[in-house]
Structure formats: structure tokens, C-alpha cells
Amino acid sequence: MIENFVTNNGMIISGAILLIAYIIIATEKIQKSVIALVGAGLTLLLGLLPFHSYYDEKAGVYVKSVFEYISFDVIFLLVGMMILVEVASRSGVFKWMALQLLKSTKGHPKLVLFTLAAFTAVASAFLDNVTTVVLMMPVTFVIAKELDIDPIPFLISEVLASNIGGTATLIGDPPNIIIGTKAGLSFTDFLYELTDIVTLIFLVSISVLIFMFRKSLVSTPEKMAQIANIDNSKTITDKNLMIRSMIVVFLVILGFITHDITGIPAYAFALSGAAILLIFEKPKEIYENVEWMTIFFFVGLFIIIGGFEANGGISFLADKLIELTQGSLAAATMLILWGSGILSGVVDNIPYTATMAPLIAEVQHTLPYLGNAHHHHPLWWALSLGACLGGNLTIIGAAANVIVSETAASKNHPISFMRFMKYGALITFISLTLSSIYLYFRYLH
């Protein structure tokens, strides 16, 4: 009886599990990886996903098993990059790079803010945002103290820059990893399609922030001289580790770039690079610092969304999206861009993107794009830009935002929800407006 009820109402039940998981994740009352695993467990126990794949002769379709809904390429890429970054950061190389750039500013506060933001944006394109801001915060507090000015303008600019910079590459932000996997987009596809617009968004956004913070960015010549002469000679704590890790990171990124030629997936390069570095390390120490909660969150989430997709939920939403936009590609693109941007500022952009990716995979066949062979369907780029840039809207919009605000509060420099939103909302609006113009003239005009 229960089995028949679940079979007949699979879409409603799986949709309810997904919605309830979203709501609890948004409240942050329970750790999100636990919610994802509870939802995954319910999905499996209720039989919303089959344990084994089979061919349904009656329906004439192949039915995927639960394991085929878990994107292991996303999981492996995340694990590989987390290990790479953890090992490399132990040498002090990222802090050394940041301080070298700062020395070149001669301590001018506005130039310091731009430099810190630029370094954060570039680093976030290749490291995850959380790692980048964690590396930058100690440097930022030291600089603010030396200049005798408020560190909050620097911290807010860095976190906004991290979300902008992370948008530019396949590995810069988890939503892009999900999109790249589902759409079959390579590292070079993201560089080719998004680098120009992300660079423009960064330059405009930082210019606006420097203007808004201008009254706080003032220091004395003596304080500025201290920054210009800062000692960076002891920042590298392990030279051999630095050389080794930088060579491996370079080769891994080269592997990403040459994916179109070699046909080797990005996760294979990331895992191989991580394995090579682990040979020279104490693996247990490195494994302890991998964000396993994020990995389990992904696994649970893929199962929950897989249950919704297998029971027709994604197809239903795709039909509604087409109906709402009346089959217009331009309307669908703008709706996904702005909808993603606003929602990603309120809910976690990872589950949102994981839900939207199969939806767009379904919709793109109904809204065909007749662009040239070098371009990919604009709906994917609308999702990427919206989901990643929307993280700047509120202080809970991205994990990096939360970590910076919590650390700042512990240092007696609290950043309130409304103070962050004063800058974040404006930067998000600028980012989405520029993205709209870009998408229209590149793909829809």
C-alpha cells in the first residue's frame, strides 16, 4: 500500500523532501550536510530512486540507479582541489604573493584596497573562495593595523571580489563545477566565455567601492611607509614545499586548459596532482583539513535532487518555465540570470544550482540556441553568472561571506547584516545589469 502511494505521488513526495531540506538549510539551525544526508536517506528508504539500474521494457526506457545521479566527477574535482590548496598553503606561498603585491602599493590605502581585492579575485578563480578569504584575512588585519584604519572596507571588498573572481573559471566556485559537469563545459570554455565580463564587473565594482569607502581610506605618510617596507623574507616557511606545490598546481591548471585536446577530465588532473603532493606529506594531517562536510553535503544533495528528477519533477518545472517565458530564449535567459542572482543571495547557491542544472539541460532542447559553434547555450552562462554573483547580495549569500563576518566579529570589528547588504546589494545589481547587457549582445541580439 505504502509502495503504491509513493509510486503514484513520487513527484510530490520528492519535491517536498527537496523543499523542506532547502528551508532547513536556509535557517542554518542544523548543519547542512546532515540535512542533505537525512533527505538522501529518506529518498532511498521510500524507494524514490532505484538501487540498481535496469531497462524498463514496458516504458521502453533505461532507468538509472542512485549512483548515476551522484556526480562523482564533481566530488573528485572538489576533493583533489581541496588537497592541492591545503598542501600548497602550508608553504606560505599565497601569503607571500599577497605581501609582495602590497609592497608595490607603497601603502596608499586606496591602492591597497584595490590590490587586496584584485589578488583575492584572481586567487578565487583558481582556489575556492573560502580558502582565499581565510588566507587573506590575517594579512588584511595586519595592514589595517599598520595603516591605523578600519579593516572593514578591505574585508567587504575582498569578500565581494572573491565571489566575482570565482565566477570566471570552472573551479572558482562550486556552482560552476556543477554546471560544467552537467553541460559538458571545459575549463577553457569558462575562461573564453566569462573572463571578459567578470573582469569588467570586477573593475566597475571595485571602483564603486573605493568611492563609497573613500573617507575611511586615509592614512599618514609614516604609516604608509611601514607597509612599503614590510619584511616578507620569512613568509615562506618551507621553500621545497613551495617549489613542489607550485609546479604541481601549474601542471594541474595546464591539464585543465588542455582538456579539449587530451580529452582527460578535470577531476583526473586534480586527483593526480593531489596524490603526487601527498607522497611527500603526512596524509592524515592533510585529510583532516579537507572539508568533508561539504563533500557529504554534495553527495546527499545529488541523491535528493536525483529523486526529484527521476519522478518527473525537473520535467514539470521545465514545462512551467517554458510556459512562463512563452518559449522566448531572451526572456528565459534573463529570468534565470536575475532569479538566480536574487535567490542565491538568500539560499545556498550550491543546492540551487544543483536543482537548476538538470532543469536547464531539459529546457535548452526546447529553446534551441542558433549561435556559432564556439558559443554554448546562454542559459548555462545565465545560471553561472546569476548563482555565483548573487552570493554578494547578503552576508549569508556565500560561505566566504559568513566566514569573514564571523572572523571580523571575533576581532571586535563586527559587520552587521544591513551594513554588508548596503554594499553587497549595489554590487550585485551592478553585476547582474552588466551580465544582462553582455548576455544580450553576445548571444541574444
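Preceding this section is the structure that the text describes.
What counts and what doesn't
Residues numbered from 1 in each chain as written. Predicted model: local features only at pLDDT ≥ 70, side-chain atom pairs only at ≥ 80, totals over all residues. Heavy atoms only, no water. Core = buried A, V, L, I, M, F, W, Y, C linked by side-chain atoms within 4.5 Å. Buried < 20%, exposed > 50% of the residue type's maximum accessible area, 1.4 Å probe, protein only. Helix = DSSP H or I, 4+ residues; strand = E, 2+ residues; numbered from the N terminus. Contact = heavy atoms within 4.5 Å. Expected span 1.5 Å × (residues − 1). Bend = angle between axes of the 7 residues up to and from the residue. Polar contact = N/O pair within 3.5 Å; in protein donor to acceptor, adjacent residues only side chain to side chain. Salt bridge = Lys/Arg side-chain N within 4 Å of Asp/Glu carboxyl O. Axes fitted to C-alpha atoms, helices over the stretch in contact; angles between N-to-C directions. Parallel < 35°, antiparallel > 145°, perpendicular 65-115°, else oblique. Left-handed = near helix turned anticlockwise from the far one by under 90°.

A. Geometry of the nonpolar core. Counting residues in hydrophobic clusters, the biggest one holds 142 residues, and the most contacted among them are Phe256 and Ile415. Considering every element that reaches this core, the biggest residue donor is helix H4 (residues 72–89), with 12 residues. Setting aside residues no more than four positions away along its own chain, Ile415 makes contact with Ile152, Leu155, Ile156, Ile395, Val404, Ala408 and Phe420.

B. The arrangement of helix H7 (residues 129–147) in detail. Relative to the 27 Å expected for 19 residues at 1.5 Å per residue, H7 spans 26 Å between its end C-alpha atoms, a close match to the ideal helical length. Along H7, the helix axis deviates most sharply at Met137, where the bend reaches about 30 degrees; the proline Pro138 sits within four residues downstream. Following H7 by one or two positions, Asp148 has its phi on the positive side, about 60 degrees.

C. Expanded view of the environment of Asp189. Here Asp189 is to be found in helix H10 (residues 187–212). Sequence separation between Asp189 and Pro175 is 14 residues, and the spatial gap between their C-alpha atoms is 15 Å. For Asp189, the side chain forms a polar contact with the main-chain nitrogen of Ser186, separated by 2.8 Å.

D. Structural detail: the pattern of salt bridges. Tallying each qualifying case throughout the model produces six salt bridges. Glu285 is paired through a salt bridge with Arg90; the nearest N and O atoms lie 3.2 Å apart. Here Glu285, found in helix H15 (residues 283–288), pairs with Arg90, found in the loop between H4 and helix H5 (93–103); they are 195 residues apart in sequence, far enough to count as distant. In this structure, Arg419 and Asp150 form a salt bridge, with 3.7 Å as the shortest nitrogen-oxygen distance. Remark: Asp150 occurs in the loop between H7 and helix H8 (152–165) and Arg419 occurs in helix H22 (residues 417–444); sequence separation between them is 269 residues. By relative accessible area, Arg419 is classed as partly exposed at 29%. Take Asp150: its relative accessible area is 27%, and that puts it in the partly exposed class. Taken together, the salt bridges that share partners define one network made up of Glu86, Arg90 and Glu285.

E. Structural view of the packing of H4 against helix H9 (residues 174–183). The geometry of H4 relative to H9 is characterised by a closest axis approach of 9 Å and an angle of 140 degrees between their N-to-C directions. As judged from the angle between their axes, H4 and H9 are oblique. Both H4 and H9 take part in a crossing whose hand is right-handed. Between H4, through Asp73, Val74, Leu77 and Leu78, and H9, the contact on the second element is made entirely by Ile177, Ile178 and Thr181.

F. The arrangement of the side chain of Glu193 in detail. Residue position: Glu193 is located in helix H10. There is a polar contact of 2.4 Å between the side chain of Glu193 and the side chain of Tyr443.

G. Here's a closer look at the side chain of Thr140. Assignment of secondary structure puts Thr140 in helix H7. Note on Thr140: relative accessible area 0%, which makes it buried. Excluding residues within four positions of it along the chain, Thr140 makes contact with Leu116, Pro151, Phe154, Leu155 and Glu158.

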